[in-house]
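Fold and geometry: a report
Residues per chain are reported as follows:
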Amino acid sequence: MKQFVIELTDSAQVEYKLKIAQKAATHKDVSAVLVHVFMGLQVHVIQQDVLSLIRKTFPTAFICGLASGGEIKKGRMISPSVLIRVSIFTCTSIGMHAFQIQPGEESKKGRQIASLIDAAPSCQGAELLIDSWNLSVPDLLPAINTCSQKVKLFGYAPYRIKNLKSKFVFTADPGETCNVIVITYSGKDFHLATDYVTGWKPLGTPMRATRASGKMLYELDHKPAFDIYSRYLKIPNDKHFFDNIQEFPLLVYTHDTYILRVPLACKENGALEMTSAVEEGQNLYLSYGDPDFMLSDVFECRRGLQRFHPQTISICSCTVRQAFWGDCVDNELLPFQELAPASGLFTGGEYLRVNGELFHFNATMVIAAFREKEPSSLTETRNFKIKRTRDLRKIVMISRLVTFINVAMQELEAANAELQRLATTDELTRLYNRRAMRSRIIQQLDRDQKFSLILFDIDHFKRVNDTFGHEVGDLVLKEMAGILLQEESSYQNPDLSSGRWGGEEFLVLLPNEGKESAAKFAESLRKHVERFHFTTAGHITISAGVAEMNQSHDRKWFYKAVDDALYAAKAAGRNCVRLSTPDE
């Protein structure tokens with residue numbers, strides 16, 4: 001496998017370099033020629049001229065391209081240009097198919113693409129050039145993903161160039177209009193490895209997408225989605241919004257994979273127009289770029305590819321990463337050039353099959369490594385020296401400050417959680433305390449649903465304290481709590497809760513249950529206590545009262561009813577359960 005990467009400077013030089021590649025392509029062992037064309041700022045002026053020249057030079061080659069936000073050659077970002085990549089294969093079959101998919105056809109056409117991929121003999125991989133701006137990608141990708149899981153899928157979305165009148169995705173045929181191109185790589189001696197790099201870290205606590213549809217994110221935690229940028233980052237909703245938020249994409253965890261979503265614009269009502277779809281109900285984090293974390297991802301990816309021994313590497317990196325790194329962007333590109341010639345582009349979105357799912361990524365770098373036949377030699381790498389400009393040092397300093405803030409927030413959240421636990425937990429028994437139980441009862445009353453209470457206490461508990469001392473009395477209370485929790489765990493009501501009401505009194509709340517079923521629970525608890533041998537104290541019994549909340553009564557009646565039922569059990573000789581009597 002050979003590859004020629006040509007940067008457009010002047011037409012004469014391009015023709016000369018194309019002829020060199022043409023000479024290699026005419027060798028008798030060549031099985032296929034594939035030409036990629038990545039065009040940026042000049043696309044609206046010279047697109048068809050360049051394509052016509054390539055078609056003239058390689059009349060039988062597969063030629064495709066798309067609009068780019070920047071080009072990569074020899075592991076470096078080059079000045080805005082047109083990049084021509086000629087790949088010459090010796091034992092690989094290439095197939096290329098262009099589609100013009102209309103809105104509403106995404107699922108149907110996606111299944112056709114999947115069938116096309118599966119029909120390619122010994123297909124190892126498929127490259128997808130998809131104009132995500134004009135298609136429903138959430139419908140298209142799952143349909144394509146129905147193809148064989150043995151096939152590696154990767155690809156890219158074109159960069160969105162303002163006022164562009166030419167095509168985002170194109171072939172060399174001037175009369176052909178398409179928004180999806182699929183390239184298949186087939187052959188038993190063809191090998192493909194794919195991976196991706198993110199490196200963004202979550203910032204703060206998760207927020208739920210409470211209102212979203214397609215690429216529109218309306219609300220996070222029932223508030224306008226824009227609030228996350230205005231409140232925490234003081235970013236205004238103006239013409240510079242997209243430029244200001246690129247370093248702070250939204251992070252989503254789905255299908256065991258972290259993916260990033262970047263807002264493209266903000267509407268007047270605070271809704272965010274995203275570059276990719278967000279699902280309602282997903283949890284999202286605001287995220288930030290950490291250069292050291294990004295580079296650790298890069299080198300981990302490189303170590304994996306080093307074992308693959310690639311002959312060429314294709315890099316597809318989001319323009320968001322380009323904006324983040326600035327003139328230091330080569331830091332995450334050059335490590336791959338050390339393995340094999342690395343070229344590619346900066347895009348408006350990236351596609352990759354990960355863990356069986358075909359994802360539409362943002363702010364991500366997708367790597368595709370190619371090889372024909374088995375490797376002839378090991379790939380050696382050297383220690384990579386990171387370029388650190390003043391701007392990058394500022395980014396590193398800021399990322400460390402953000403790490404400090406995140407850790408401080410986590411510690412504060414842990415402290416608040418502990419305070420909440422202490423405020424609602426009885427220190428001795430570890431059950432809910434009176435305050436927590438009253439709060440749960442009030443919540444249940446507000447729901448306007450049937451529920452019951454059991455109030456029980458330990459018979460002759462004062463005698464235990466007087467005979468054995470308060471330490472033994474405390475031990476009895478702990479063991480009683482243990483019995484209560486055992487009964488709870490075996491009872492078929494996951495919403496049941498219990499707590500220490502005060503002294504030797506305990507309270508059990510049973511949502512959605514009448515007093516008859518609550519009485520059965522109380523009787524089971526009473527028998528359990530009667531059978532149990534308490535440490536030092538020995539045999540102990542309890543008395544219990546049961547009341548069911550009747551919506552015709554007020555709350556004060558409810559507490560009095562269960563209290564009266566408990567005293568009725570005491571008056572009946574203790575060690576029994578009594579139900580509240582109907583109100584006359």
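Refer to the structure above for everything that follows.
Structural notes, computed from the coordinates. (Residues numbered from 1 in each chain as written. Predicted model: local features only at pLDDT ≥ 70, side-chain atom pairs only at ≥ 80, totals over all residues. Heavy atoms only, no water.)

**Some thoughts on the nonpolar core**
Nonpolar side chains in soluble globular proteins generally cluster together in the buried interior. Just so we agree on the cut-off: Remark: nonpolar core denotes a set of buried residues (Ala, Val, Leu, Ile, Met, Phe, Trp, Tyr, Cys) joined through side-chain atoms within 4.5 Å. Three exposure classes are used, based on accessible area relative to the maximum for each residue type with a 1.4 Å probe and protein chains only: buried under 20%, partly exposed in between, and exposed over 50%. Here a helix means four or more residues in a row that DSSP labels H or I, a strand means two or more in a row labelled E, and each is numbered from the N terminus. Note on contacts: a residue pair is in contact if any heavy atoms of the two residues lie within 4.5 Å.
In terms of nonpolar packing, the biggest core is built from 84 residues, with Tyr185, Leu217, Tyr229, Leu272, Ile313, Ile315 and Phe336 touching the most fellow members. For this core, the element with the most residues is helix 7 (residues 291-308), which contributes 7 residues. Residues contacting Tyr229, with those up to four places away along its chain left out, are Lys234, Ile235, Phe241, Ile245, Phe248, Pro249, Leu250, Pro263, Leu272 and Leu286. Ranked by size, the runner-up nonpolar core spans 30 residues in total, among them Phe456, Leu477, Ala537 and Val577.

**Description of the packing of aromatic side chains**
Put simply, the rule is: Aromatic pairing here means that ring centres of Phe, Tyr or Trp (its six-membered ring) are within 6.5 Å. Orientation follows from the plane angle: under 30 degrees is stacked, over 60 is edge-to-face, and everything else is tilted.
This structure, assessed with the given rule, holds 21 aromatic pairs. Geometrically, the ring pair formed by Phe451 and Phe558 is edge-to-face, given 5.1 Å between the ring centres and 85° between the ring planes. One end of the pair, Phe451, is in strand 26 (residues 451-458); the other, Phe558, is in helix 15 (residues 555-571), with 107 residues separating them in the sequence. Comparing Phe451 with Phe558, the two get one shared label, buried.

**Overview of the pairing of strand 26**
Heads up, the rule is: Strands are treated as partners if at least two bridges between them are detected by DSSP.
With 8 of 8 residues buried, strand 26 is to be regarded as a mostly interior element. Residues of strand 26 alternate between two faces, with Phe451, Leu453, Leu455 and Asp457 on one and Ser452, Ile454, Phe456 and Ile458 on the opposite face, all of them buried. Examined bridge by bridge, strand 26 and strand 28 (residues 505-511) share 7 bridges and lie antiparallel to one another. By the bridge assignment for strand 28, Leu453 is matched with Leu509. As paired elements, strand 26 and strand 29 (residues 542-548) share 7 bridges and run antiparallel to each other. For Phe456, the partnering residue across the bridge sits in strand 29 and is Ala544.

**What about the environment of Arg302?**
Following the sequence through the fold, Arg302 ends up in helix 7. In the structure, Arg302 is positioned 15 residues away from Ser317 in sequence and 15 Å away in space, judged by C-alpha atoms.

**Overview of the sheet that holds strand 24 (residues 357-361)**
Where we set the bar: Helix axes are fitted only over the stretch in contact, all axes being lines through C-alpha atoms; the angle between N-to-C directions runs from 0 to 180 degrees.
Strand order across the open sheet formed by 6 strands is 7-11-8-9-23-24, with mixed pairing between neighbours. With partners counted over all chains shown, the strands left at the sheet margins are strand 7 (93-99) and strand 24, one partner each. On average, adjacent strands in this sheet sit at an angle of 15° to one another, irrespective of strand direction. Across 7 bridges, strand 8 (residues 123-130) lies against strand 11 (residues 180-186) in antiparallel orientation.

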